[in-house]
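In case you want the letters, here they are:
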Amino acid sequence: MHIQQLQLKNYRNYDVLNLSFDDKVNVIIGENAQGKTNLMEAIYVLAFTKSHRTPREKELIQWEKEYAKIEGTITKRNQSFPVEIILSTKGKKAKLNHLEQKRLSDYIGALNVVMFAPEDLTLVKGPPQIRRRFIDMELGQIQPRYIYHLGQYQKVLKQRNHLLKQMQRNQKQDPAVLRVLTEQLIEHATTLLERRFAFLDLLRKWADPVHHQISRGLEKLEINYAATIEVSEEANKATIETRYLAKFQEIEAKEIERGTTLIGPHRDDLLFYVNKRNVQTYGSQGQQRTTALSMKLAEIELIHNEVGEYPILLLDDVLSELDDYRQSHLLNTIQGKVQTFVSTTSVDGINHNTLKKAELFRVNNGKVDT
Ligand SMILES: Nc1ncnc2c1ncn2[C@@H]1O[C@H](COP(=O)(O)OP(=O)(O)OP(=O)(O)O)[C@@H](O)[C@H]1O
């Protein structure tokens, strides 16, 4: 799939922008703070309805303006269709084929995007929420129903945490209410866990050969899911539910004492092993980078396999962070089949042929010259 056109209005430092893209490689070049990431971010928002760098959507609207609009024309399975996101101080609207979608989960998935930015290099070493976010975003874009379940889980989690806080403060609360919320939480937690296990199975299938190749055959990558209950990935729904229930009963007093929910998918993590050693603890910086790159490349193949089309790849200021070998591997892999956007302050040191043939966009203070 690819994005043919992009129009922005009041988006970050862009007043009005109207661009047509090459369906192979587009290089966004400019000095610091001119709007390169803003442009990449706009494409990301068009896919996910939210930014990769801030949860505060107000920041996306140009200062002093009431709303921001991102419009795109997407080509997928040989058909072109418009997509649109409108952000305003009152909320957010997502339109597909000019029709407003009631639920964002009905919109997400229309456009598939894989973003690779310097912060993704911390996927391995960084805090667990980075890895949970990775699973949630990537799984969500191939299975929009997952986003719905995630939303339901978060809603109940919030209510349950609120209740536990009240119980912690010795405010009179009916323990039966806690039991009801626990049951509801378990139901959604089980669905999330089952879907995450299935996703991981797919991810491994692609990540393992990719990693083997980038490491020149020297490394074997394994990815494990660390859940807050003891359960195998093959476990069925009933078993997962039983394990959650038993654990919640075991830790009830502790949860009240702490005033928060201590187990569930919101506390799970991914563990990466290279040649049987944990990369988070023992991996060199190079191995951690290779692992992060393997995950991104695996995602591209996974989406291709699940959706039937390659996603759009956004490489935001990340090529210069990779050494020549990893850079070439990445560019060779995507060459000719993945519409790619590369942002950079300079093309010096990026010698790959793919970039020499790319369409250039020069960004200067919220204006773009082609
Ligand atoms: N809501 C907003 N309204 C207007 N301008 C904004 C808004 N948010 C950010 N900006 C401006 O956008 C610019 C930053 O753009 P961006 O993050 O795309 O930089 P960049 O070109 O990617 O630079 P770098 O190479 O340093 O990452 C800054 O000048 C900032 O002041």
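Residues numbered from 1 in each chain as written. Predicted model: local features only at pLDDT ≥ 70, side-chain atom pairs only at ≥ 80, totals over all residues.

Considerations on the domain arrangement of the protein chain
What the domain assignment reports for the protein chain is domain 1 (1-112 + 309-370) and domain 2 (128-303). Contact residues are listed per partner, giving 15 residues for domain 1 and 14 residues for domain 2. Of all the elements in the fold, those that place two or more residues in the side of domain 1 that touches domain 2 are α1 (36-48) and α9 (324-334). For the side of domain 1 that touches domain 2, the element with the highest residue contribution is α9, accounting for four residues. Class assignment for the residues of the side of domain 1 that touches domain 2 results in nine nonpolar, five polar and one charged. (Domains from an automatic or database assignment. Contact = placed C-beta atoms within 7 Å. Helix = DSSP H or I, 4+ residues; strand = E, 2+ residues; numbered from the N terminus. Nonpolar A, V, L, I, M, F, W, Y, C, P; charged D, E, K, R; others polar.)

What to know about the sheet that holds strand β9 (residues 221-226)
Spatial strand order, β9-β10-β11: three strands in an open sheet with antiparallel pairing. Edge positions in the sheet fall to β9 and β11 (277-278), since each of these pairs with one other strand and no more. Bridge count for β9 against strand β10 (residues 269-274) is six bridges, and the pairing is antiparallel. Along β10, the bridge assignment pairs A226 with D269. (Pairing = 2+ DSSP bridges.)

Description of the site of the ligand
Inspection of the region around the ligand gives 16 residues, with N13, N32, K36, T37 and N38 positioned closest. Along the lines of polarity and charge, the residues of the shell around the ligand split into three nonpolar, nine polar and four charged. (Near = placed C-beta within 6 Å.)

Some details on the UniProt feature "binding site: ATP" (unreviewed entry) in the protein chain
According to UniProt, the "binding site: ATP" (unreviewed entry) feature falls on G30, E31, N32, A33, Q34, G35, K36 and T37. Since 22 C-beta atoms lie within 10 Å of it, G30 is described here as buried. Aside from chain neighbours lying at most four places away, what touches G30 is G35, K36, T345, R362, V363 and N364. Tracing the backbone shows E31 in the loop between β3 (25-29) and α1. Since 12 C-beta atoms lie within 10 Å of it, E31 is described here as exposed. (UniProt positions renumbered as here; feature names shortened; annotations may be inferred. Buried ≥ 20, exposed ≤ 12 C-beta atoms within 10 Å, placed from the backbone.)

A look at the nonpolar core
In terms of nonpolar packing, the biggest core is built from 92 residues, with I43, Y44, L46, V113 and L314 touching the most fellow members. Of all the elements, helix α5 (residues 175-214) adds the most residues to this core, at 11 residues. Inspection of this core shows a minimum of three residues originating in each of domain 1 (1-112 + 309-370) and domain 2 (128-303). Residues contacting L314, with those up to four places away along its chain left out, are M40, I43, Y44, V113, M115, F116 and F341. (Core = buried A, V, L, I, M, F, W, Y, C linked by C-beta atoms within 7 Å.)

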